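Letter by letter, the chains look like this.
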Amino acid sequence: MREHPLQISRRQLLGSALTCIAIGTSAARAEQLPLLDPATTQARALKYVEDARKASGATRGSSCANCSLYQGKSGAATGPCQLFPGKQVTAAGWCTSWAPQM
Ligand code: SF4
């Protein structure tokens, strides 16, 4: 019997459902991450500050919210950063690794 092109197997359906659950769980986990402490060694090494306006060396208008390494939702006050796994940075923050979004 020929399979209809739009039919999916139970295995494919289960795989898709598990993927959706994993993405949802990961997003929920990201929102629960603790805020990065600017006093930590890694944060200090990159001159991370929670308010870009107080950063010496920051290009005017640059902040975590418009950095290519920022993974927070648009409009959120905080979000994960690829440089600080397991932590959140402030959207208004900044560090010396700031890179413009493409
Ligand atoms: Fe903020 Fe970008 Fe530095 Fe991460 S790499 S702390 S998002 S400026």
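Calculation notes
Residue positions are given per chain, counting from 1 as you read along its sequence in written order. At least 70 in pLDDT is required for a residue's local features to be given in this predicted model, at least 80 for side-chain atom pairs to be given and counted, and no such filter applies to totals for whole chains, interfaces and linings, which use all residues. In computing side-chain properties, one takes all heavy atoms of the structure into account and sets aside hydrogens as well as water. Each helix is a run of H or I in the DSSP string that is no shorter than four residues. Each strand is a run of E no shorter than two, and both are numbered from the N terminus. Method for areas: the Shrake-Rupley scheme with a 1.4 Å probe, in which residue coverage is limited to the protein chains shown. Only protein chains enter the area calculation, which uses a 1.4 Å probe; residues under 20% of their type maximum are buried, those over 50% are exposed, and those in between are partly exposed. A side-chain nitrogen of Lys or Arg and a carboxyl oxygen of Asp or Glu constitute a salt bridge if their distance falls within 4 Å. To be near a molecule or strand, a residue needs just one of its heavy atoms within 4 Å of it. Lining residues are defined by having an atom within 4 Å of a point belonging to a cavity or pocket. Those points lie on a 1 Å grid over the protein atoms alone, cavities being sets where a 1.4 Å probe fits but cannot get out and pockets being open sets with protein on both sides within 12 Å along at least five of seven lines. Pocket occupancy is defined atom-wise: a molecule lies in a cavity or pocket when more than half of its atoms are within 2 Å of its grid points. Charged residues are taken to be Asp, Glu, Lys and Arg, nonpolar residues to be Ala, Val, Leu, Ile, Met, Phe, Trp, Tyr, Cys and Pro, and polar residues to be all remaining types, Gly included. Grid points are joined across faces, edges and corners, and a volume is the space filled by probe spheres set on the points.

Q: Whenever I open this one, the overall build of the protein confuses me. Can you help?
A: When you go through the protein residue by residue, the secondary structure sums to 2 helices and 2 strands. When the helices and strands of the protein are placed in sequence order, the string is α-α-β-β. Total accessible area on the protein is roughly 7500 Å²; 58% of this is exposed by carbon and sulfur atoms.

Q: Looking at this model, I keep getting lost on unusual backbone geometry. Mind explaining?
A: Peptide bonds are mostly trans, and most non-glycine residues show a negative phi. Unusually for a residue other than glycine, Lys47 sits at a positive phi of about 55°. With respect to the helices, strands and loops of the structure, Lys47 is situated in the loop between α2 (41-45) and β1 (78-80). On the accessibility criterion, Lys47 (54% relative accessible area) is exposed.

Q: I would appreciate a short explanation of the pattern of salt bridges in the present structure.
A: A side chain of one charge can pair with a side chain of the opposite charge if their charged atoms are brought near each other. Under the counting rule described, the total for this entry stands at 1 salt bridge. Arg53 is the partner of Asp51 in a salt bridge, and the nearest nitrogen-oxygen pair spans 3.0 Å. Judged by relative accessible area, Asp51 falls into the buried class, the value being 16%.

Q: I keep staring at the site of the ligand and nothing clicks. Help me out?
A: In the region of the ligand, the neighbouring residues are Tyr48, Cys64, Cys67, Leu69, Tyr70, Cys81, Leu83, Phe84, Trp94, Cys95 and Trp98. Given that more than half its atoms are within 2 Å of the pocket grid, the ligand belongs to the largest cavity. Along the lines of polarity and charge, the residues of the shell around the ligand split into 11 nonpolar, no polar and no charged.

Q: So what exactly am I meant to see when it comes to empty space enclosed by the protein here?
A: If a probe the size of a water molecule is rolled over the atoms, the empty space left behind becomes visible. All told, the structure shown has 1 cavity of 30 Å³ or more when counted by the stated rule. As a volume, the largest cavity reaches approximately 70 Å³. As for the largest cavity, its lining consists of 13 residues, and the residues nearest its centre are Cys64, Cys67, Cys81, Cys95 and Trp98. Partitioning the lining of the largest cavity into residue classes produces 12 nonpolar, 1 polar and no charged.

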